[in-house]
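Structural characterization, general
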Amino acid sequence: SNRVEAWTRDVDFLLRQEGRPMVNLTGDRKHVRVMEADWRNTDKAVNWIKEEAINLTQPFVLYLGLNLPHPYPSPYAGENFGSSTFLTSPYWLEKVNYEAIKIPKWSSLSEMHPVDYYSSYTKNCTEEFTKQEVRNIRAFYYAMCAETDAMLGEIISALRDTGLLKETIVIFTADHGELAMEHRQFYKMSMYEGSSHVPLLVMGPGVKEQQQVPNVVSLVDIYPTMLDIAWIPVPWNLSGYSLIPLLHGRSEDEVSPRGPRPSWVLSEFHGCNVNASTYMLRSGKWKYIAYSDGHSVLPQLFDLSDDPDELTNVAVKFPVIVHSLDKLLRSIVNYPKVSSSVHEYNKRQFISWKQSLGQNYSNVIANLRWHQDWLKEPKKYENAIDKWL
């Protein structure tokens, strides 16, 4: 579903690709281990630290990937088939202060940027939600974060119990955030802070305690940082830069042999739930978002110091800033060319996929994740694809 929905994003139709987001409370006040698979992996990691790592004479690397705090897919049929469920137990939900939960402001549907509208529609978030529904989704998400924190706590405790904590660097991060009903969306696939701004926490020997680094950094910096920790020479041609100087509290003047860290970070996305290739540049207080070829879809500019919730696109108000950031973006990535390549790739891949299905094509495409909408007028949507091809 993800691939076909991404390939067909240029087709002139709107189809819901997700079930409406929902919440579900399970178990009782003693139910701690809600995400059982993650807890099993955490237990494996703890046991490995206590039984294996403690006896090693060489340095070790342990990677633990957790699925939380992802929403859970809803397995049942019916109207909410395929919806994302924010699931927790009373044990974790009671740790959330409902009064402190901020209800995000929404633009009206008519005022939304066209790409945002497409995302909200495909994520099934354009209908009405009560404040209580939104507050619940956010509360359940925070409860899921609390359960994730507890797993990290188990790892730190195991390192402390074995005496390894004082000589181990721990890095905690994520591949994306959760919009949790900000901008009338949940999940990811967005350049808004809720989706693209991820946690990055580091502790260990040499890491300055209790410091918050104000610099913008990127996930591409993790790899050279880990090489640096292991005293492995960092290749000169990487996109990322080691975070060690920042973690040690050293000034930015002490630059690496490769030169100074750039003052910007880049993110891009070309997948489903977004109907245009998307490019984001963060530099200082500015966030610049460009789409497609840079002309057919209007860009967005946000001043994060004045507008942390990213509610006011000031691209028209600051044309000089837009021009400057767009020029910088094009110097990093030729984004109109990349968008064109993605466009051609999508069509080529879709044709190849369609041909591989033969006579089964109509049935398979009608029963992908968007089937709730598709089956109402299948001929209309097939014709729209034929016209696109």
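Residues numbered from 1 in each chain as written. Predicted model: local features only at pLDDT ≥ 70, side-chain atom pairs only at ≥ 80, totals over all residues. Heavy atoms only, no water.

Just so we agree on the cut-off: UniProt positions are given in the numbering used here, feature names are shortened, and annotations may be inferred rather than shown by experiment.
The chain is annotated in an unreviewed UniProt entry as Arylsulfatase K from Pterocles gutturalis. Recorded under Function (unreviewed entry), the UniProt text for the chain is reproduced unchanged: "Catalyzes the hydrolysis of pseudosubstrates such as p-nitrocatechol sulfate and p-nitrophenyl sulfate. Catalyzes the hydrolysis of the 2-sulfate groups of the 2-O-sulfo-D-glucuronate residues of chondroitin sulfate, heparin and heparitin sulfate. Acts selectively on 2-sulfoglucuronate and lacks activity against 2-sulfoiduronate." Looking at the chain in UniProt, the text filed under Sequence similarities (unreviewed entry) is "Belongs to the sulfatase family."

**A short note on the packing of aromatic side chains**
To keep it simple, the criterion reads: Centres within 6.5 Å make a pair out of two Phe, Tyr or Trp rings, where for Trp the six-membered ring is used; the pair is then stacked when the planes are under 30 degrees apart, edge-to-face when over 60, and tilted otherwise. To qualify as a helix, a DSSP run of H or I must reach at least 4 residues; to qualify as a strand, a run of E must reach at least 2; elements of each kind are numbered from the N terminus. Throughout, exposure labels follow a simple rule: accessible area from a 1.4 Å probe, protein chains only, divided by the maximum for the residue type, with under 20% read as buried, over 50% as exposed, and the rest as partly exposed. Lysine NZ or arginine CZ positioned within 6 Å of the ring centre and within 35 degrees of the ring normal marks a charge as sitting over the ring.
In this structure the tally under the stated criterion is 19 aromatic pairs. Plain terms: the ring middles of Phe350 and Trp388 are 5.6 Å apart, the flat faces sit at 70 degrees to each other, and that makes the pair edge-to-face. Here Phe350 is found in helix H10 (residues 335-357), whereas its partner Trp388 is found in helix H13 (residues 378-388), with 38 residues between them in sequence. For the residue pair Phe350 and Trp388, the accessibility class agrees, reading buried in each case. Aromatic ring contacts, followed pair by pair, group Phe13, Trp370, Trp374 and Tyr381 into a single cluster. Positioned above the aromatic ring of Phe129, the side-chain terminus of Arg20 is 3.7 Å from the ring centre. A cation over an aromatic ring shows up here: Lys95 above the ring of Tyr91, its NZ or CZ 4.8 Å from the ring centre.

**Let's talk about empty space enclosed by the protein**
The condition that has to hold: Each cavity reported here is a set of points on a 1 Å grid over the protein atoms alone in which a 1.4 Å probe fits but cannot get out, each pocket an open set with protein on both sides within 12 Å along at least five of seven lines, and each lining residue one with an atom within 4 Å of a point. Grid points are joined across faces, edges and corners, and a volume is the space filled by probe spheres set on the points.
With the rule as written, the count across this model stands at two cavities of 30 Å³ or more. In this structure, the largest cavity encloses a volume near 90 Å³. For the lining of the largest cavity, the secondary-structure elements that each account for two or more residues are helix H4 (114-122) and strand E8 (286-291).

**A few points about the packing of helix H2 (residues 36-51) against helix H5 (residues 131-161)**
The condition is simple: Only the stretch in contact is used when fitting a helix axis, every axis being a line fitted to C-alpha atoms; angles between N-to-C directions are given from 0 to 180 degrees. In these notes the angle categories are as follows: under 35 degrees is roughly parallel, over 145 is roughly antiparallel, 65 to 115 is roughly perpendicular, and the rest is oblique. The contact criterion used is simple: two residues touch if any of their non-hydrogen atoms lie within 4.5 Å. The residue classification treats Ala, Val, Leu, Ile, Met, Phe, Trp, Tyr, Cys and Pro as nonpolar and Asp, Glu, Lys and Arg as charged. All others, Gly included, are polar.
Contact geometry of H2 with H5 gives a least axis separation of 9 Å together with a crossing angle of 10 degrees. Here H2 lies roughly parallel to H5, going by the angle between them. Facing Asp38, Trp39, Thr42, Ala45, Val46, Ile49 and Lys50 of H2, the residues of H5 in contact are Glu147, Ala150, Met151, Glu154, Ile155, Ala158, Leu159 and Asp161. A class-by-class count of the residues in the contact of H2 with H5 yields nine nonpolar, one polar and five charged.

**Let's talk about the sheet that holds strand E6 (residues 264-269)**
Stated precisely, the cut-off is as follows: Paired strands are those between which DSSP finds at least two bridges.
The antiparallel open sheet is built from four strands, whose spatial order is E6-E7-E8-E9. In the strand order of this sheet, the two ends are held by E6 and strand E9 (300-303), each with one partner. Across the sheet, the mean angle from the axis of one strand to that of its neighbour is 15 degrees, orientation sign disregarded. As paired elements, E8 and E9 share four bridges and run antiparallel to each other. Looking across to E9, one finds that Ile289 is bridged to Gln300.

**Quick look at the pairing of strand E7 (residues 278-283)**
Burial runs high along E7: six of the six residues are buried. Of the two faces of E7, the one lined by Thr278, Met280 and Arg282 and the one lined by Tyr279, Leu281 and Ser283 are each fully buried. The pairing of E6 with E7 spans six bridges and is classified as antiparallel. Among the inter-strand pairings, Phe269 is bridged to a residue of E7, identified as Thr278.

**A word on the pattern of salt bridges**
Stated precisely, the cut-off is as follows: In what follows, salt bridge is the name for a side-chain nitrogen of Lys or Arg lying within 4 Å of a carboxyl oxygen of Asp or Glu.
Tallying each qualifying case throughout the model produces 18 salt bridges. Across the pair Lys354 and Asp386 runs a salt bridge, and its minimum N-O distance is 3.7 Å. Separated by 32 residues along the polypeptide, Lys354 in helix H10 and Asp386 in helix H13 bring together distant segments of the chain. Exposure remark for Lys354: the relative accessible area of 26% places this residue in the partly exposed category. Overlapping salt bridges, with partners in common, bring together Glu193, Arg282, Lys287 and Glu310 in one network.

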